[in-house]
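Descriptive analysis of the structure
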There are 2 protein chains.
Amino acid sequence: MRVDVEEKVLSENDKLAVGLRERFAAQRVFCVNLISSPGSGKTALLERTLEALPRTARVALLTGDLQTENDARRLARAGFPVKQITTGGTCHLDASMVGRALGEWNLADIDILFVENVGNLVCPTSYDLGEHCKIVLFSVTEGEDKPLKYPSIFAIAELCIINKVDLLPYVPFDLDQAIANVHQVHPGMEVVQTSCTQVRGIQDWLAWIERRRATAIPV
Amino acid sequence: MRVDVEEKVLSENDKLAVGLRERFAAQRVFCVNLISSPGSGKTALLERTLEALPRTARVALLTGDLQTENDARRLARAGFPVKQITTGGTCHLDASMVGRALGEWNLADIDILFVENVGNLVCPTSYDLGEHCKIVLFSVTEGEDKPLKYPSIFAIAELCIINKVDLLPYVPFDLDQAIANVHQVHPGMEVVQTSCTQVRGIQDWLAWIERRRATAIPV
């Protein structure tokens, strides 16, 4: 019975997500949905991403958390449009939250929409936000076994970012094994390594975004 | 309508949790429920805990994950009874899973039952497992803002463990601010600092367990 209700909630979400996807397509907005544990560095990655972009880039961001406007404040410093979604107790973003948050924005002014999900490696996996792709991020402090223990998100995501590689000398993390674990769950998945404190890998990540965007929204 | 169903699921869980709590009380089992993000170090903390205990300690463990028996394998090395609960896709442990996992064990042989929840700082908060207390753990690599962003678990837990303090020299983490954030959400909450790679703080944590157990199960 619980499964039935979850399926109903998800199917209502799916309908809203279809509407969002159509809006994104019509307005040529490329949308990515970033998913990770709390504290893996989603906000830091987006900070470095915004710093690396020209000020004329047509980029906007939605950032989800149970509470606080902290992340929106951090991201707003770069000068691009940002909105915080505070979910209260809810463990994931859903399509209705994204729809409401987009409310006043003119999507025609946006080329890339980054959605930073609530920190949670499980629940956001099931919720379509109308995005072109989900991206999973985990950090070298979390252990190389995470893809095996949380396979759903690694199976569905199109890119895996391994973050905080500057900490590799100080933690027991086998990078080759981590990548092998990613590929055990998702053969051939692209992996980008980043450090947000040492600003490494950001260009690789931006290049991936540009390639994926060109596929999603052909000229 | 969704809220109603969630309340129904939770109230069914609560009934089962009451049954577990009565069994624990009758058999004088002290039960703690460890909750954190994926990769904060719950399993490593339990490994160091088991190593610090005498081989005669009457301790048992349940460890939850979406997939893999990895954690049970790691914990079994110390020689104490361990059972893995793999939830499939479910983002938390519930009382029925704990009841089933306890199935064959004679609770009269157990003084302390450690339950390591699925790595998730949100959903496990709502599920009573019949435990005496929830304990929240986060690591210095996750950022000092976690108590403010995920206040539910910090409000309900009785102890906060700040783990991986050996990495403090390498990460931008303000320990005083982190503790202030814990106390903003939960005034007076006890905080223990640990490092599982350098085996620091384990005796503080064990001392807390013994004190709390003495309150829960008076001689």
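Shown above is the structure to which this text applies.
The following paragraphs examine the structure supplied in this document. (Residues numbered from 1 in each chain as written. Chains lettered and ligands numbered in written order. Predicted model: local features only at pLDDT ≥ 70, side-chain atom pairs only at ≥ 80, totals over all residues. Heavy atoms only, no water.)

1. Concerning the interface of chain A and chain B
At the junction of the two partners, chain A supplies 38 residues and chain B supplies 39 residues. For the interface between chain A and chain B, the tally reads four salt bridges. One salt bridge connects B:K149 with A:D71, and the closest N-O pair in it is separated by 2.8 Å. Taken together, the connections running from chain A to chain B amount to seven residue pairs in polar contact (both at pLDDT 80 or more). When contributions to the side of chain A that touches chain B are tallied by element, the ones reaching two or more residues are α1 (2-26), α3 (70-76), α5 (146-149) and α6 (151-156) of chain A. Considering only residue class, the side of chain A that touches chain B consists of 17 nonpolar, 12 polar and nine charged. (Contact = heavy atoms within 4.5 Å. Salt bridge = Lys/Arg side-chain N within 4 Å of Asp/Glu carboxyl O. Polar contact = N/O pair within 3.5 Å; in protein donor to acceptor, adjacent residues only side chain to side chain. Helix = DSSP H or I, 4+ residues; strand = E, 2+ residues; numbered from the N terminus. Nonpolar A, V, L, I, M, F, W, Y, C, P; charged D, E, K, R; others polar.)

2. Details of the sheet that holds strand β6 (residues 159-163) of chain B
Residues and elements named next belong to chain B. Strands sit in the order β3-β2-β4-β1-β5-β6-β7 across an open sheet of seven strands; the sheet is parallel. Where the open sheet ends on each side, the last strands, each with one partner, are β3 (82-86) and β7 (190-193). On average, adjacent strands in this sheet sit at an angle of 20° to one another, irrespective of strand direction. Pairing analysis gives four bridges linking strand β1 (residues 30-35) to strand β5 (residues 133-139), with the strands arranged parallel. Residue L34 lies in a different strand from β5, and its bridge partner there is I135. Sheet contacts for helix α4 (residues 95-102): β2 (59-65), β3 and β4 (112-116); angle to β3, the most-contacted strand, approximately 140°. (Pairing = 2+ DSSP bridges. Axes fitted to C-alpha atoms, helices over the stretch in contact; angles between N-to-C directions.)

3. With respect to the packing of helix α2 (residues 42-52) of chain B against helix α8 (residues 202-216) of chain B
Residues and elements named next belong to chain B. Between α2 and α8, the shortest axis-to-axis distance is 10 Å and the interhelical angle comes to 80°. Judged by the angle between their axes, α2 and α8 are roughly perpendicular. Listed contacts from α8 to L45, R48, T49 and A52 of α2 are I202, Q203, W205 and L206. When its residues are assigned to classes, the contact of α2 with α8 shows five nonpolar, two polar and one charged. (Parallel < 35°, antiparallel > 145°, perpendicular 65-115°, else oblique.)

4. Digging into helix α2 (residues 42-52) of chain A
Of all 11 residues making up α2(A), nine are buried, and the element is well covered by its neighbours. Residues of α2(A) that are buried: A:K42, A:T43, A:A44, A:L45, A:L46, A:E47, A:R48, A:T49 and A:L50. (Buried < 20%, exposed > 50% of the residue type's maximum accessible area, 1.4 Å probe, protein only.)

5. Quick notes on the environment of A:D176
Inspection of the secondary structure puts A:D176 in helix α7 (residues 175-185). With 32 residues separating them in the primary sequence, A:D176 and A:E144 have C-alpha atoms 8.8 Å apart.

6. A word on the pattern of salt bridges
If you walk through the whole model with that rule in mind, you get 29 salt bridges over all chains. Note that A:K134 and A:E131 form a salt bridge whose closest N and O atoms lie 2.7 Å from each other. The pair A:K134 / A:E131 is uniform in exposure class, with both members buried. Two residues, A:R213 and A:E210, come together in a salt bridge whose shortest N-O distance is 3.3 Å. One end of the pair, A:R213, and the other, A:E210, are both in helix α8 (residues 202-216), three residues apart, so they sit about a helical turn from each other. Judged by relative accessible area, which is 40%, A:E210 ranks as partly exposed. Salt bridges here are not isolated pairs; linked through shared partners, they connect A:D65, A:D71, B:D145, B:K146 and B:K149.

No statement about biological role is implied by the geometric values presented.
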